[in-house]
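# Structure at a glance
What follows is the residue order along each chain.
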Amino acid sequence: MRKITLSFEIITPLIMSGADRYDVELREQSLKGILRWWFRFYKGAELDLEELKEKESEIWGSQEVASKIKITIKNKKLSSKKNGKDYYAYLCMNDDRGDRYSRIKRRAFHENQKFSIDFYLLPPLKEKVRKELETTLFFLSNLGGLGARWRRGFGSVIIDNYHIDGKNIEEIKNNLTSRLKPFSISSSNRDFMNLSNTSIFLLAPKEKENFWYSWKEAMNKLRDDFYRKLKGELGVNKIGIGSPRAVSPLIIQIKRNKANLYYGVILIWQKWERYEECVGIMQKLDFEIKEVKNESD
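All of the points below concern the structure found in this document.

Conventions and cut-offs
Residues numbered from 1 in each chain as written. Predicted model: local features only at pLDDT ≥ 70, side-chain atom pairs only at ≥ 80, totals over all residues. Heavy atoms only, no water. Pairing = 2+ DSSP bridges. Helix = DSSP H or I, 4+ residues; strand = E, 2+ residues; numbered from the N terminus. Axes fitted to C-alpha atoms, helices over the stretch in contact; angles between N-to-C directions. Contact = heavy atoms within 4.5 Å. Expected span 1.5 Å × (residues − 1). Bend = angle between axes of the 7 residues up to and from the residue. Buried < 20%, exposed > 50% of the residue type's maximum accessible area, 1.4 Å probe, protein only. 1 Å grid on protein atoms, 1.4 Å probe; cavity = no way out; pocket = protein on both sides within 12 Å on 5 of 7 lines; lining within 4 Å. Points joined across faces, edges and corners; volume = space filled by probe spheres on them. Nonpolar A, V, L, I, M, F, W, Y, C, P; charged D, E, K, R; others polar.

## Concerning the sheet that holds strand β8 (residues 157-159)
The strand order across the open sheet built from four strands is β2-β7-β1-β8, with neighbouring strands paired in antiparallel fashion. The open sheet has two edge strands with one neighbour each: β2 (69-73) and β8. Looking at each pair of strands side by side, their axes are set apart by 30 degrees on average, direction ignored. As paired elements, strand β1 (residues 2-10) and β8 share three bridges and run antiparallel to each other. From the neighbouring strand, Glu9 faces β8, where its bridge partner is Ile158. Each of β1, β2, β7 (114-121) and β8 is contacted by helix α4 (residues 126-143), which is oriented at about 0 degrees to β1, the strand it contacts most.

## Observations concerning helix α6 (residues 215-234)
Between its first and last C-alpha, α6 extends 26 Å over 20 residues, near the 28 Å set by a 1.5 Å rise per residue. At Arg223, α6 shows its largest bend, some 35 degrees. Inspection of α6 places Trp215, Glu217, Ala218, Met219, Leu222, Arg223, Phe226, Tyr227, Leu230, Lys231 and Leu234 among the buried residues, and these make up the whole buried set.

## Topic: the sheet that holds strand β9 (residues 198-204)
Here four strands make up an open sheet; going across it, the order is β10-β11-β9-β12 and the pairing antiparallel. Edge positions in the sheet fall to β10 (250-256) and β12 (288-292), since each has one partner strand and no second. Across the sheet, the mean angle from the axis of one strand to that of its neighbour is 25 degrees, orientation sign disregarded. For β9 and β12, the ladder comprises five bridges, and the chain directions are antiparallel. Looking across to β12, one finds that Ala204 is bridged to Glu288. On the sheet, helix α5 (residues 169-180) packs against β9, β11 (262-269) and β12 and is oriented at approximately 10 degrees with respect to β12. Relative to the sheet, α6 contacts β9, β10 and β11, its axis offset from that of β10 by approximately 160 degrees.

## Some thoughts on the layout of surface pockets
Where empty space is left becomes clear once a probe the size of a water molecule has been rolled over the atoms. Quantified by volume, the second largest pocket comes out at close to 320 Å³. Considering the residues around the second largest pocket, the lining is formed by 17 residues, among which Tyr87, Tyr88, Tyr90, Asp96 and Lys216 are closest to the centre. Broken down by secondary-structure element, the contributors of at least two residues to the lining of the second largest pocket are β4 (85-86), β5 (88-90) and α6. If one sorts the elements of the lining of the second largest pocket by residue count, α6 sits on top with four residues. A class-by-class count of the residues in the lining of the second largest pocket yields six nonpolar, three polar and eight charged.

Below, the structure written as structure tokens:
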């Protein structure tokens, strides 16, 4: 058995709970669920559905097959208090203005905290499992988050050794593009987001050297000047597909470079019937926008 210990830093408030949804708790099961999601995201770009199910089962386990990766969160006792008071995430993308929005909140772990995770790689496929784990962590660290509302900017984490850096948005885009180049991409008509059918954009202010100075500033701008303007132009109250609880075809995340400056990451599912409208509207908004393209296309 091989052990890999990694440090995770919380960039935006992390909302995660167990049986009591009004409390906060770091949970291995929740972490493993999002790692499975990102595994499907990049593996779904090269494998057909049956092969994908087989590979996922081989690495992450199934009812018939034990997982080759075991996870232990080492320091779960993070703080959900700030200045002596319970800390809350305002779920409408940090909108705490007035009664309409300020009541919509959940207890959360606040930003700028770190926790470590031990990953145990079980035989007989340790080297293969290690490579798949590292790739999964790369996608999580650069494009995703943990816990509730991660598709709307919450739960962003940066993982040591797996996060892309850059002095400006153009440099970060180029570095991400370079890292995506080795991935094999096939045409996909599947009904879930994956690397072959999802567009990736970086958003930042046109001023301030293309970065925001805090996660709050980034989230507030992405909420008011991107997400709500997008909904207004599309004429919808919620961006989703089908039923009200359907998974959104739009992901909004916030990341940070080593200089502690922040930028937005937008993922849009190309199979969404309003994809072209969405991209057209976005290009007219007052942001610096860079598309991360896979050069193997």
